[in-house]
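Notes for the structure review
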Amino acid sequence: MEKTKIRTGIFGGSFNPIHIGHLALANFLCEFGEVDEIWFLVSPQNPFKQQQNLLDDNMRLRLVEASVADYPKFRASDFEFNLPKPSYTVHTLEKLSETYPERDFYLIIGADNWAAFDRWKSPEQILANHHLLVYPRKGYDIDKSSLPERVKAVETPLLEVSSTFIRQCLNERKDIRYFLHPNAYRIIQEKGLYQSAESL
């Protein structure tokens, strides 16, 4: 009898920084049965797009690690750090499946990204080999009747918190501790992260 594979959600992003919106969404997907676990895949700096406001790769990873450490269904991942740049989702998922054959990977994206999915690299290949979970975003409707077989629209709570908003607040020295995991907030405060105009 074939062993059931672990349903692993892949939540990719720059996480600049990770905040309660990311964590609450992932928590919901785990606890309401969509996946068994979620890996937060930190996207490395794209060498072809030098973004001043993107915090160092390893520091962003550290903030994710600190934020997910006390929940066993979450994992911080630097998997893309070692892949050729720029890293395309289709290649990342391919490599993940090769490296971890005991897992079924579910790509987690917002309705805004789903609306532009046909412009991604090799979207047909992603749809043929992987599941997608599409969560709601304000201003983007999902036509559930037209979704491909492996794509599921999930009704998650709508938390409109952006990393841009977080960075602006930190730069203005606002105490927004409840928008971030306490561990991440402590590191940000100790190191004075996002407190210069370049970090906006």
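Up top you'll find the structure we're talking about.
Residues numbered from 1 in each chain as written. Predicted model: local features only at pLDDT ≥ 70, side-chain atom pairs only at ≥ 80, totals over all residues. Heavy atoms only, no water.

Our next topic: the overall build of the protein chain. Regarding its fold elements, the protein chain presents seven helices and six strands. Each principal axis of the C-alpha distribution contributes one length, and for the protein chain these read about 55 × 35 × 35 Å. When the 200 residues of the protein chain are sorted by exposure, 46% land in the buried category. Of the contacts made within the protein chain by residues no fewer than 6 positions apart, 66% connect residues no fewer than 24 positions apart. Total accessible area computed for the protein chain in this model is approximately 11,000 Å², and 48% of it derives from carbon and sulfur atoms. Separation of charge centres in the protein chain, based on 24 positive and 27 negative side chains, amounts to 4 Å. (Helix = DSSP H or I, 4+ residues; strand = E, 2+ residues; numbered from the N terminus. Buried < 20%, exposed > 50% of the residue type's maximum accessible area, 1.4 Å probe, protein only. Contact = heavy atoms within 4.5 Å. Areas by Shrake-Rupley, 256 points an atom, 1.4 Å probe, with all protein chains shown as cover. Lys, Arg positive; Asp, Glu negative; His and termini not counted. Charge placed at Lys NZ, Arg CZ, Asp CG, Glu CD.)

One pass over the full model with this rule turns up 13 salt bridges. E98 serves as the salt-bridge partner of K95, at 3.5 Å between the closest nitrogen and oxygen. Of the two residues, K95 and E98 are both situated in helix α3 (residues 89-99); the distance of three residues between them amounts to about one turn of the helix. K95 gets classed as partly exposed once you look at its relative accessible area, which sits at 37%. Residue E160 is joined to R137 by a salt bridge in which the shortest nitrogen-to-oxygen separation is 3.9 Å. (Salt bridge = Lys/Arg side-chain N within 4 Å of Asp/Glu carboxyl O.)

Let us look at the side chain of D57. Mapped onto the fold, D57 is located in helix α2 (residues 57-68). Non-local contacts of D57, meaning those with residues more than four positions away in its chain, are made with V42, P44, Q45 and F81.

Grouped together as the largest cluster of nonpolar side chains are 39 residues, with contacts concentrated most on F11, I38, F40, L63, F74 and L193. If you list the elements that add at least two residues to this core, you get α1 (20-31), β2 (37-42), α2, β4 (103-110), β5 (131-135), α6 (163-171) and α7 (182-191). Take this core: its biggest share by element is six residues, from α2. Aside from chain neighbours lying at most four places away, what touches F74 is L23, A26, N27, C30, I38, F40 and V68. Judged by nonpolar contacts, the second largest core, of 20 residues, contains F79, L107, W114 and V134. (Core = buried A, V, L, I, M, F, W, Y, C linked by side-chain atoms within 4.5 Å.)

Another aspect to go through is the sheet that holds β2. Spatially, six strands are ordered β3-β2-β1-β4-β5-β6 in an open sheet, and the strand pairing comes out parallel. For this open sheet the edge positions go to β3 (74-77) and β6 (151-153), each flanked by a neighbour on one side alone. For this sheet, the mean angle separating the axes of adjacent strands, direction not counted, is 25 degrees. α2 rests against β2 and β3 of the sheet, and its axis sits at about 170 degrees to β3. (Pairing = 2+ DSSP bridges. Axes fitted to C-alpha atoms, helices over the stretch in contact; angles between N-to-C directions.)

What follows concerns α2. Between its first and last C-alpha atoms α2 spans 17 Å; for 12 residues at 1.5 Å apiece the expected length is 16 Å, and the two agree. Burial runs high along α2: nine of the 12 residues are buried. Those residues of α2 that are buried are in contact with α1, β2, β3 and α7. Regarding α2, its N-cap is D56, as a side-chain oxygen of that residue lies 3.0 Å from the backbone nitrogen of N58 further along. (Expected span 1.5 Å × (residues − 1). Polar contact = N/O pair within 3.5 Å; in protein donor to acceptor, adjacent residues only side chain to side chain.)

Remark: α2 packs on α7, axes separated minimally by 7 Å, with the N-to-C direction vectors making an angle of 140 degrees. If you check the angle between α2 and α7, you find them oblique. Packed against α2, whose contacting residues are M59, R62, L63, A66 and S67, the element α7 presents N183, A184, I187, I188 and K191 at the interface. A breakdown of the residues in the contact of α2 with α7 according to their chemical character gives six nonpolar, two polar and two charged. (Parallel < 35°, antiparallel > 145°, perpendicular 65-115°, else oblique. Nonpolar A, V, L, I, M, F, W, Y, C, P; charged D, E, K, R; others polar.)

Here we take up unusual backbone geometry. Residue P17 is bonded to the preceding N16 through a cis peptide linkage, with omega at 0 degrees. Relative to the helices and strands, P17 resides in the loop between β1 (6-13) and α1. Each neighbour pair has its own omega, and for K85 with P86 the value is -10 degrees, a cis peptide bond. As for its placement among the helices and strands, P86 is situated in the loop between β3 and α3. Of note in the backbone geometry, F15 takes a positive phi value of approximately 45 degrees without being a glycine.

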